[in-house]
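Structural characterization, general
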Amino acid sequence: MDTSTDVLLVTANVGSLFDNVGEIQNGWLQELYRTIHKYQPQFIALHFQEVGGKDYMVNMGNAENFFWLLESSEELKDFDRTCIYVDSQFQAEEGFTALGSMYFIHKTLKNVYQYDFNVKDFKAVLGQNKYVGCLDTVTTVEKEKFPKNFWPNFKWSRKGFMRTRWIIHNQGLDLVNIHLFHDASNLIACNASPSIYSANRKNALRYVINRLSDDRYTTLPFFLFGDFNFRLDTLSLVQHLCTESEVQTVKDSSNEVQKIFCEEKDNDHQVLLHIEEKLFQYLHQALFREDNGKALLKYDKEVAAFHDDIKEEDISFPPSYPYSEDYSKPTQYMNTRCPAWCDRILMSHSAHDFIHMGEHDEKTVVYNTVGTNVCMGDHKPVFLSFSLKTNSH
C-alpha cells in the first residue's frame, strides 16, 4: 500500500533577528506558523544559520529565547517529538558554527528513527531532545567548522555544516544544515568570473558532498539546505546592466579600485550603478523583483558545477538576500550587495526522485520563500514542501 508523509524543510539565516530582536521576531514567527498551517506537515526540519547574529557574545541569550518560543508555541503543540541542536558555544572558537537545527515530528507520524553516529545504528525518536551549547558529545549529530587551512588568506568566521540522518516512513535520508563563505567585497567580486569567493564556496561545497558519500557511513539520499551565499556572476551582470552606459572607476593612491560608476551617456549622466566594497546601488532595483528576478537567473551559476551530484527545484521567487531590515520596507533590498539567491534547498538525485514519486496526486512540490511581504530580516527564509511516498510493507 502507498502512503505518504508531508514534509516541510525550511532554511533561514536568522542573524538579523537577534540584532534588532524586538522589531521583527514576532512577525517572523507568525509567517513561519502561517506556512506550517498552510502545508500541514507531519515532519518539519528548520535549519538556522548565524544563530545569535553578528554580536553573538551579547545576543546568544536572545537566540536561546527564540528557540524556546518556537518549541513551546501553540502552533506546534501537536508535534510530540522534537530534536533540537544549537551550536551556541562561541567560547570554543575552533569549532563554533552558529548553526541551529530543529526537527518536529507530528503525533500522527509513527516510526521515525534517528541515526546514532557513534553506534552506527538508527534508534526510535522519543520525546523532547534538546542540545544547546557544546555538541561535541552528542552522538545523533555530526558538526564541523570548515578547516582553516582551506582558505588561509580569508577570515573564515563561523562557516561550517551540521548533519543529522533519519528514517521517515521507511525512507533513510541525510539532512544537512550548511553555511558557506560570503562575498567580503563587491569590488573583488567584480574582478573575475567566477569570482575568488565563488571558487571558495565551490571548494567548501565539494568538501561537504564528498563527506556525505565517503565510506564512513552508508550513503543515503540527502537534502542540503542552508545559506550557501551563492552570488550572481557579478562581472557578467555588471556588464549586462551597464551595456549602454559609460563605466568610470575611481582608484586610490596605490592604484586600487575604490569605486565603480556606470553613468548613462545622455540624460545628464545619471548614475545607473554605483559599486563600492560594501555598496551596490542600482537605479532600477525593481529589476531584481520583476517576474521574480527571472531575467537574472542566468547569472546564478554556482550550483551548475554540481549538477552531477545535486538537483534543485525550479526557482520562482526573487533573490532571498539582502532585504532591508527596516520592517516598513519588507520587499526592498538593501544597497549593500547585489541581490542573490543565497538561501537554497539542494538535494541528491535520489532525493529528487523520491519527492517526485506519484506526482499525479493532488500534493505538489512547492519551493518558495516565507514572509514575502513581511520583514524577515536581511534573508527571506526558503522552504520546500513535499510528500514523502514509499511503499510501506
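Structure's up top.
Remember, predicted model here, so these are calculated numbers, not experimental data.

On to the side chain of arginine 211. The residue arginine 211 is located in helix H5 (residues 196-212) in this model. Those residues in contact with arginine 211 that sit more than four places away from it in its chain are Glu142, Glu144, Phe161, Arg163 and Arg216.

What follows is about the sheet that holds strand S12 (residues 245-251). One open sheet holds the 4 strands; their spatial order is S12-S13-S14-S15, and the pairing between them is antiparallel. Edge positions in the sheet fall to S12 and strand S15 (279-282), since each has one partner strand and no second. For this sheet the average axis-to-axis angle between neighbouring strands, irrespective of direction, equals 10°. For strand S14 (residues 271-276) and S15, the ladder comprises 4 bridges, and the chain directions are antiparallel. By the bridge assignment for S15, isoleucine 275 is matched with phenylalanine 280.

Overall, the coordinates contain 1 disulfide when judged by the stated rule. Between the sulfur atoms of cysteine 242 and its disulfide partner cysteine 262 the distance amounts to 2.2 Å. Here the disulfide of cysteine 242 and cysteine 262 is right-handed, its torsion about the S-S bond being about 90°. A residue pair is termed long-range when its members are at least 10 positions apart, and cysteine 242 in the loop between helix H6 (234-241) and S12 and cysteine 262 in strand S13 (residues 257-264) qualify at 20 residues. Both residues of the pair, cysteine 242 and cysteine 262, count as buried. The structure places no disulfide on cysteine 83, whose sulfur is separated from the nearest cysteine sulfur, that of cysteine 134, by 18 Å.

With that settled, consider the environment of lysine 301. Counting through the fold element by element, lysine 301 comes out in the loop between S15 and strand S16 (310-311). In sequence terms lysine 301 and threonine 331 are 30 residues apart; their C-alpha atoms lie 24 Å from each other. Those residues in contact with lysine 301, other than ones at most four positions away along the chain, are Asp233 and Ser236. A polar contact is formed between the side chain of lysine 301 and the side chain of aspartate 233, at a distance of 2.9 Å.

Cut-offs used in this document
Residues numbered from 1 in each chain as written. Predicted model: local features only at pLDDT ≥ 70, side-chain atom pairs only at ≥ 80, totals over all residues. Heavy atoms only, no water. Helix = DSSP H or I, 4+ residues; strand = E, 2+ residues; numbered from the N terminus. Contact = heavy atoms within 4.5 Å. Pairing = 2+ DSSP bridges. Axes fitted to C-alpha atoms, helices over the stretch in contact; angles between N-to-C directions. Disulfide = S-S within 2.5 Å. Buried < 20%, exposed > 50% of the residue type's maximum accessible area, 1.4 Å probe, protein only. Polar contact = N/O pair within 3.5 Å; in protein donor to acceptor, adjacent residues only side chain to side chain.

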